[in-house]
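# Structure assessment
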Amino acid sequence: MAALRALLPAFALLLLAGCAGEYPGSTIDPRSDFAEIIHGLYVQVFWWTMLILAVVWVALTWVIIKYREKPGDGKPRQIHGHLGLEIGWTVGPALIVVAIAIPTIQAVFATQRPISEDALVVEVTGHRFWWEFHYPEQGVTTANELWLPVDRPVTLRLAASDVIHSFWVPMLGGKRDLN
């Protein structure tokens, strides 16, 4: 018990550390059109998942209450198939997949649109332990610091110089693998 009491302040400190201010690596606060599309898709799939979870919980609760064993009950009647149920649990998930696939396909097309003519080009190169950001328009190269203008389209040309890298700025959008 004394050991547990000694760990309590460390646990409380760890718990409070999760309550700190802003999170710069958050995907919940999108800052680009690309990230907005991905976040919108995420929210939509999240609510579909919550709806499915609610239906499953309600059905499970109903089955547990209705079919629980009662004193004096004999063996239940055995059922070897029910066409309506089989069609239902085949068509239901198929409709859910379609409901998720349509906005996903729309998001893919929206994020793969052509690059605008006035977009700032940034050449991003992943090196073994650092990132290189080259701005051809300005003739500037930075290491590990990406600087982007506000209210101007940007295109990132991604490449790797040695090994496979994953480029991800959470507020700008999805993760990209560089080969």
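The notes below deal with the structure included here. On a predicted model such as this, the values are computed, not experimentally measured, just so you know. (Residues numbered from 1 in each chain as written. Predicted model: local features only at pLDDT ≥ 70, side-chain atom pairs only at ≥ 80, totals over all residues. Heavy atoms only, no water.)

### Comments concerning the overall build of the protein
Looking only at helices and strands, one finds three helices and six strands in the protein. Counting helices and strands in the order they occur from the N terminus, the protein gives α-α-α-β-β-β-β-β-β. Relative to the 2.2 N^0.38 estimate, which gives 16 Å for 179 residues, the radius of gyration of the protein is 26 Å and therefore markedly larger than a compact globule would have. Expressed along its principal axes, the backbone C-alpha trace of the protein runs to roughly 85 × 60 × 35 Å. Per-residue burial over the protein gives 16% buried out of 179 residues. Put simply, 56% of the contacts in the protein that link residues at least 6 apart link residues at least 24 apart. (Helix = DSSP H or I, 4+ residues; strand = E, 2+ residues; numbered from the N terminus. Rg over C-alpha atoms; globule rule 2.2 N^0.38 Å. Buried < 20%, exposed > 50% of the residue type's maximum accessible area, 1.4 Å probe, protein only. Contact = heavy atoms within 4.5 Å.)

### Looking at helix 3 (residues 83-111)
Over its 29 residues, helix 3 extends 42 Å from the first C-alpha to the last, a length consistent with the 42 Å expected when each residue adds 1.5 Å. Every buried residue of helix 3 is accounted for by Pro-103, Ala-107 and Thr-111. At its buried positions, helix 3 is contacted by helix 2 (33-66). (Expected span 1.5 Å × (residues − 1).)

### What about the pairing of strand 1 (residues 120-126)?
In terms of burial, strand 1 is largely enclosed, as six of its seven residues are buried. Both strand 1 and strand 4 (residues 154-160) contribute to a ladder of seven bridges, which runs parallel. Looking across to strand 4, one finds that Val-124 is bridged to Leu-158. With four bridges connecting them, strand 1 and strand 2 (residues 131-135) associate as antiparallel partners. By the bridge assignment for strand 2, Val-124 is matched with Phe-133. Connecting strand 1 to the next strand, strand 2, in antiparallel fashion are four residues. (Pairing = 2+ DSSP bridges.)

### Section: the environment of Gly-40
Its location among the elements puts Gly-40 in helix 2. Counting along the chain gives 134 residues from Gly-40 to Gly-174, while the straight-line C-alpha distance between them is 12 Å.

### Brief notes about the pairing of strand 2
Looking along a regular strand, one sees the side chains alternate between the two faces of the sheet. What you see with strand 2 is a clean split: Trp-131, Phe-133 and Tyr-135 sit on the buried side and Glu-132 and His-134 on the side with no burial. Relative to strand 3 (residues 140-143), strand 2 runs antiparallel, the two sharing four bridges. Bridging from a neighbouring strand, Glu-132 pairs with Ala-143 of strand 3. Between strand 2 and strand 3, which pair antiparallel in sequence order, lie four residues; one of them, Gly-139, sits at a positive phi of approximately 70°.

### Side note on the packing of aromatic side chains
Throughout the structure, instances matching the rule amount to four aromatic pairs. Ring centres of Phe-46 and Trp-47 lie 5.0 Å apart, and the angle between their planes is 75°; this geometry places the pair in the edge-to-face category. Here Trp-47 falls in the exposed class, since its relative accessible area comes to 55%. Ring geometry for Trp-62 and Tyr-67: centres 5.9 Å apart, planes at 90°, overall edge-to-face. (Phe/Tyr/Trp six-rings, centres within 6.5 Å; stacked < 30°, edge-to-face > 60°.)

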